[in-house]
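If you want the building blocks of each chain, they are given just below.
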Amino acid sequence: DTEVTQTPKHLVMGMTNKKSLKCEQHMGHRAMYWYKQKAKKPPELMFVYSYEKLSINESVPSRFSPECPNSSLLNLHLHALQPEDSALYLCASSQEGSENIQYFGAGTRLSVL
Amino acid sequence: QKEVEQDPGPLSVPEGAIVSLNCTYSNSAFQYFMWYRQYSRKGPELLMYTYSSGNKEDGRFTAQVDKSSKYISLFIRDSQPSDSATYLCASVNAGNMLTFGGGTRLMVKP
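Each residue is numbered by its place in its chain's sequence as written, counting from 1. Throughout, the order in which chains and ligands are written sets their labels, letters from A for the former and numbers from 1 for the latter. With pLDDT at 70 or above as the cut-off, local features in this predicted model cover only qualifying residues; side-chain atom pairs require 80 or more to be listed or tallied, and sums for whole chains, interfaces and linings still use all residues. No hydrogens and no water enter the side-chain calculation; it runs on all heavy atoms of the structure.

Student: Could you clarify how one ought to interpret the sheet that holds strand β6 (residues 54-58) of chain B in this entry?
Tutor: Backbone hydrogen bonds are what pair the strands of a sheet, in a parallel or an antiparallel way. All names here are of chain B. Note: two strands are recorded as paired if DSSP finds a minimum of 2 bridges between them. Going along the chain from the N terminus, every DSSP run of H or I of four or more residues is numbered as a helix, and every run of E of two or more is numbered as a strand. The strand order across the open sheet formed by five strands is β1-β3-β8-β7-β6, and the pairing between neighbours is antiparallel. Two strands lie at the open edges of the sheet, namely β1 (4-6) and β6, each paired on one side alone. For this sheet the average axis-to-axis angle between neighbouring strands, irrespective of direction, equals 20°. One ladder, built from six bridges, connects strand β3 (residues 19-25) with strand β8 (residues 71-76); its direction is antiparallel. Along β8, the bridge assignment pairs C23 with I72. What counts as an axis is a line fitted to C-alpha atoms, over the stretch in contact for a helix, and the angles between N-to-C directions run from 0 to 180 degrees.

Student: Would you mind going over the packing of aromatic side chains with me for this structure?
Tutor: Aromatic ring pairs are defined here through the distance separating the ring centres and the angle between the ring planes. Residue and element names in this part refer to chain A. Pairing of aromatic rings covers Phe, Tyr and the six-membered ring of Trp, with a centre-to-centre limit of 6.5 Å; geometry is then stacked below 30 degrees between planes, edge-to-face above 60, and tilted otherwise. Applying the stated criterion to the full structure yields 10 aromatic pairs over all chains. With 6.3 Å between their ring centres and 35° between their planes, Y33 and Y35 make a pair best called tilted. Comparing Y33 with Y35, the two get one shared label, buried. Between Y35 and F104, the aromatic rings sit 5.2 Å apart at their centres with planes inclined by 50°, giving tilted as the arrangement. Partly exposed describes any residue whose relative accessible area lies between the buried limit of under 20% and the exposed limit of over 50%, with all areas from a 1.4 Å probe on protein chains only and scaled to the type maximum.

Student: Help me understand the environment of L73(A) in this model?
Tutor: Residues and elements named next belong to chain A. Checked against the element boundaries, L73 lands in strand β8 (residues 73-79). Taking C-alpha positions, L73 is 8.6 Å from M32, a pair spaced 41 residues apart along the chain. Beyond its immediate sequence surroundings of up to four residues, L73 is in contact with C23, E24, M32, E67 and C68. In this analysis, two residues are considered to be in contact whenever any of their non-hydrogen atoms come within 4.5 Å of each other.

Student: In this structure, what is going on with the sheet that holds strand β3 (residues 18-25) of chain A? I would like to understand it.
Tutor: All names here are of chain A. Read across the open sheet, the four strands follow the order β1-β3-β8-β7; overall the sheet is antiparallel. Single-partner strands in this sheet number two, and they are β1 (4-7) and β7 (64-70). Each strand of the sheet is rotated relative to its neighbour by a mean of 20°, with strand direction disregarded. When β1 meets β3, the two strands line up antiparallel, connected through four bridges. Among the inter-strand pairings, T5 is bridged to a residue of β3, identified as E24.

Student: How do you make sense of the interface of chain A and chain B when you look at a structure like this?
Tutor: Note on interface size: it is often stated as the accessible area lost on association of the parts. Taken together, the contacts link 19 residues of chain A with 18 residues of chain B. A buried area of about 1,500 Å², summed over both sides, lies between chain A and chain B, and 64% of it is on carbon and sulfur atoms. Buried area is a sum: the accessible area each of two parts loses on coming together, probed at 1.4 Å, counted once for each and added. When the area that chain A buries against chain B is broken down by residue, the three leading residues are N100(A), I101(A) and F104(A), summing to 33%. What makes a salt bridge here is a side-chain nitrogen of Lys or Arg within 4 Å of a carboxyl oxygen of Asp or Glu, nothing more. Counting every contact that joins chain A to chain B gives zero salt bridges. For this analysis, a polar contact is any N or O atom pair within 3.5 Å, provided that within protein one partner can donate a hydrogen and the other can accept it, and provided that sequence-adjacent residues contribute only side-chain to side-chain pairs. At the surface where chain A touches chain B, the tally comes to three residue pairs in polar contact (both at pLDDT 80 or more). When residues of the side of chain A that touches chain B are traced back to their parent elements, those giving at least two are β4 (31-37), β5 (44-50), β9 (87-95) and β10 (98-104) of chain A.

Student: Would you mind going over unusual backbone geometry with me for this structure?
Tutor: As a rule of thumb, non-glycine residues mostly have phi less than zero, and peptide bonds are mostly trans rather than cis. Residues and elements named next belong to chain A. A cis amide bond, omega -10°, links T7 with the succeeding residue P8. As for its position among the elements, P8 is in the loop between β1 and β2 (10-13). In this structure, A80 takes a positive phi of about 55° despite not being glycine.

Student: What am I meant to see in the environment of L21(A) here?
Tutor: Structurally, the position occupied by L21(A) is in strand β3. Sequence separation between L21(A) and L110(A) is 89 residues; the distance between their C-alpha atoms is 9.5 Å.

Right, here's the structure in full:
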């Protein structure tokens, strides 16, 4: 089973709203990732968690706040987003020692109005 | 210069054709090479990965890496309409992070 589950599938929010994206995997992977993907572009790395600790933040604005409550869960808290933040947000995970082999979820399609 | 370059397409072929998808890369330190398939409005699905140079076959798919020319290929035999998707090549940089090509959109027409 190589399943990474993301909820919700779609999200529409206003610029003053606060919302959260959720990601879950039960493969025992110890690294989890958030990516942002705009239309017709490849995924862009946002954050990396390794053993539940934030190890990489690719200069992402503070209106995006990641959280890793435990080794199976990854959240992305959203606040005061801009319309240009509308994109597909992807979660991925990888096994210890095989960080290059990442498995992606189906993504949350976010629209900011 | 991007570290991984890929022709965006679209590439349109008739059903049953052999498809060749290609990438070039610039970083000699790259060792692992991946191909992801992404259907519209879905997440990328890992198709195949190879280590260093050589070929790897899985059913109708063959991944090929030529490190001497820094060239990565994915061949699809007997292509089907269900193969219509965007194909992303990727490699791993020194920080163990994926570096994606821009993706090639493939359309297989019945």
